[in-house]
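Examination of the molecular architecture
So you can see what is in the structure, the chains are spelled out below.
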Amino acid sequence: MAELQEVQITEEKPLLPGQTPEAAKTHSVETPYGSVTFTVYGTPKPKRPAILTYHDVGLNYKSCFQPLFQFEDMQEIIQNFVRVHVDAPGMEEGAPVFPLGYQYPSLDQLADMIPCVLQYLNFSTIIGVGVGAGAYILARYALNHPDTVEGLVLINIDPNAKGWMDWAAHKLTGLTSSIPEMILGHLFSQEELSGNSELIQKYRNIITHAPNLDNIEFRRDLNFERGGDITLRCPVMLVVGDQAPHEDAVVECNSKLDPTQTSFLKMADSGGQPQLTQPGKLTEAFKYFLQGMGYMASSCMTRLSRSRTASLTSAASVDGNRSRSRTLSQSSESGTLSSGPPGHTMEVSC
């Protein structure tokens, strides 16, 4: 960690009544695999982990997470945690184009950069929030450093290398006519792309103008084994849209993780990027996830729940041996969120 740069900025974003702008500090730190940039919001809270995010391919932390963390009901969460947004090398705003012949780090090497970030910040534990490639990176980090990860929210995770190797093969053989369109196909469902909504147009423009997209991402399988040695030891919430490109991969991942530690949230009407299209529902699920970990126990219900009817129903009769397992689902009409004592499911109409 030789080279270190720091610049303080103030994020321009819509503010809630009575709010003051939240200061952000952006840092760059050298790692064994090159420089990595990350942005810190807030100050560390005693006996609480940092929330650390990692974005998906073709995006940076702002384009991937800003709608979620700027959502009104999310403000209660971020007031209770310092958060760190990591940008993959070359994806930060204003990043220079890589020189010819530059060898981009593998996803596993990107995971190995995270200890340098935490060491610089002197943070001991995190709750990771990752999307797509970022979810893989955080899962790999958690396998390598389980004592530093208190929980994971993994959106659109694909634990298998096949999809990424196919992407590399397409790029090597020239079978794709447009890398941005290929990335859009990774991020969004075919229905969303066909509709060509304002959201799709916005992200097509973002990705088209993003630097350093022609780097091949190689990775290995995560090789999760339910009941085996290779598994995530912390609470995990898996999230996917009901027609997302990675729906099958996330379902498969869920089948391989410890059911007493894993929640599965399948969101209807959310497309390929639920943190962009359904930030309210995802915020609610995230709050319940944190409460299940013992944080924000006195938190009030979010706006979604306050305006709807909530009831507790026992899930122990469904499977007595898995009373602590949690399955979450949401749709535009009804949803299921884990909360409260083990063996119970909270039904929330929304």
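For clarity, every value in this text was computed on a predicted model and none was experimentally measured.

1. Regarding the pattern of salt bridges
For the coordinates displayed, the defined rule picks out 6 salt bridges. Residue K266 pairs with E247 through a salt bridge whose shortest N-O separation is 2.7 Å. Here K266, found in strand β9 (residues 262-267), pairs with E247, found in helix α10 (residues 247-256); they are 19 residues apart in sequence, far enough to count as distant. On the basis of relative accessible area, K266 is assigned to the partly exposed category, the value being 31%. Under the relative-accessibility criterion, E247 is labelled buried at 16%. Residue E252 is joined to K256 by a salt bridge in which the shortest nitrogen-to-oxygen separation is 3.0 Å. Residue E252 and its partner K256 are located together in helix α10, separated by 4 residues, close to a single helical turn.

2. Brief notes about the pairing of strand β2 (residues 23-31)
Across 8 bridges, β2 lies against strand β3 (residues 34-41) in antiparallel orientation. If you follow H27 over to β3, its bridge partner there is F38. Here β2 hands over to β3 after 2 residues, the two strands then running antiparallel side by side.

3. Notes on unusual backbone geometry
One non-glycine residue, N156, lies in positive phi territory at about 60°. With a relative accessible area of 1%, N156 lands in the buried category. Even without being glycine, N196 reaches a positive phi, approximately 50°. Mapped onto the elements, N196 comes out in the loop between α8 (190-195) and α9 (198-208).

4. Quick word on the side chain of R83
Within the secondary structure, R83 is located in strand β5 (residues 83-87). Reaching out from R83, the side chain makes a polar contact with the side chain of H85 at a distance of 3.0 Å.

5. What to know about helix α1 (residues 61-69)
Buried residues dominate α1, accounting for 7 of its 9 residues. Where α1 is concerned, the buried positions are Y61, K62, S63, C64, F65, L68 and F69. Where α1 begins, one side-chain oxygen reaches toward the backbone nitrogen of K62, 3.1 Å away; that side chain belongs to N60.

6. Considering the packing of helix α7 (residues 179-187) against α9
Following both chains from N to C, one finds α7 and α9 inclined at 130°, their axes separated by 9 Å at the closest point. Judged by the inter-axis angle, α7 sits oblique to α9. The chirality of how α7 crosses α9 is right-handed. Residues P180, E181, I183, L184 and L187 of α7 form the contact with α9, whose own contacting residues are Y203, R204, I207 and T208. Residues that form the contact of α7 with α9 fall into these classes: 6 nonpolar, 1 polar and 2 charged.

7. A short note on the packing of aromatic side chains
Here the structure, examined in full by the defined rule, presents 8 aromatic pairs. Measuring from ring centre to ring centre gives 4.0 Å for F98 and Y102, while their planes differ by 10°; the resulting arrangement is stacked. Here F98 and Y104 contribute two aromatic rings whose centre-to-centre distance is 5.8 Å and whose plane-to-plane angle is 65°, an arrangement assigned as edge-to-face. By relative accessible area, Y104 is classed as buried at 7%. Within the aromatic cluster, the residues linked to one another by ring pairs are F98, Y102 and Y104. Residue placement shows R48 over the ring face of F81; its charged tip is 5.3 Å from the ring centre. Taking the ring centre of Y41 as reference, the NZ or CZ of R83 above it sits at 4.2 Å.

8. Description of the layout of surface pockets
One water molecule sets the probe size; rolling that probe over the atoms shows where empty space is left. If you add up the space inside the second largest pocket, you get close to 320 Å³. Taken together, 20 residues make up the lining of the second largest pocket; nearest its centre are N60, K62, S63, E93 and I206. Counting only elements with at least two residues in the lining of the second largest pocket, the list comes to α1 and α9. Take the lining of the second largest pocket: its biggest share by element is 4 residues, from α1. Here the residues of the lining of the second largest pocket are counted per class, giving 8 nonpolar, 7 polar and 5 charged.

Calculation criteria
- Residues numbered from 1 in each chain as written.
- Predicted model: local features only at pLDDT ≥ 70, side-chain atom pairs only at ≥ 80, totals over all residues.
- Heavy atoms only, no water.
- Salt bridge = Lys/Arg side-chain N within 4 Å of Asp/Glu carboxyl O.
- Helix = DSSP H or I, 4+ residues; strand = E, 2+ residues; numbered from the N terminus.
- Buried < 20%, exposed > 50% of the residue type's maximum accessible area, 1.4 Å probe, protein only.
- Pairing = 2+ DSSP bridges.
- Polar contact = N/O pair within 3.5 Å; in protein donor to acceptor, adjacent residues only side chain to side chain.
- Axes fitted to C-alpha atoms, helices over the stretch in contact; angles between N-to-C directions.
- Parallel < 35°, antiparallel > 145°, perpendicular 65-115°, else oblique.
- Left-handed = near helix turned anticlockwise from the far one by under 90°.
- Contact = heavy atoms within 4.5 Å.
- Nonpolar A, V, L, I, M, F, W, Y, C, P; charged D, E, K, R; others polar.
- Phe/Tyr/Trp six-rings, centres within 6.5 Å; stacked < 30°, edge-to-face > 60°.
- Lys NZ or Arg CZ within 6 Å of the ring centre and 35° of its normal.
- 1 Å grid on protein atoms, 1.4 Å probe; cavity = no way out; pocket = protein on both sides within 12 Å on 5 of 7 lines; lining within 4 Å.
- Points joined across faces, edges and corners; volume = space filled by probe spheres on them.

Shape descriptors only; they carry no functional weight alone.
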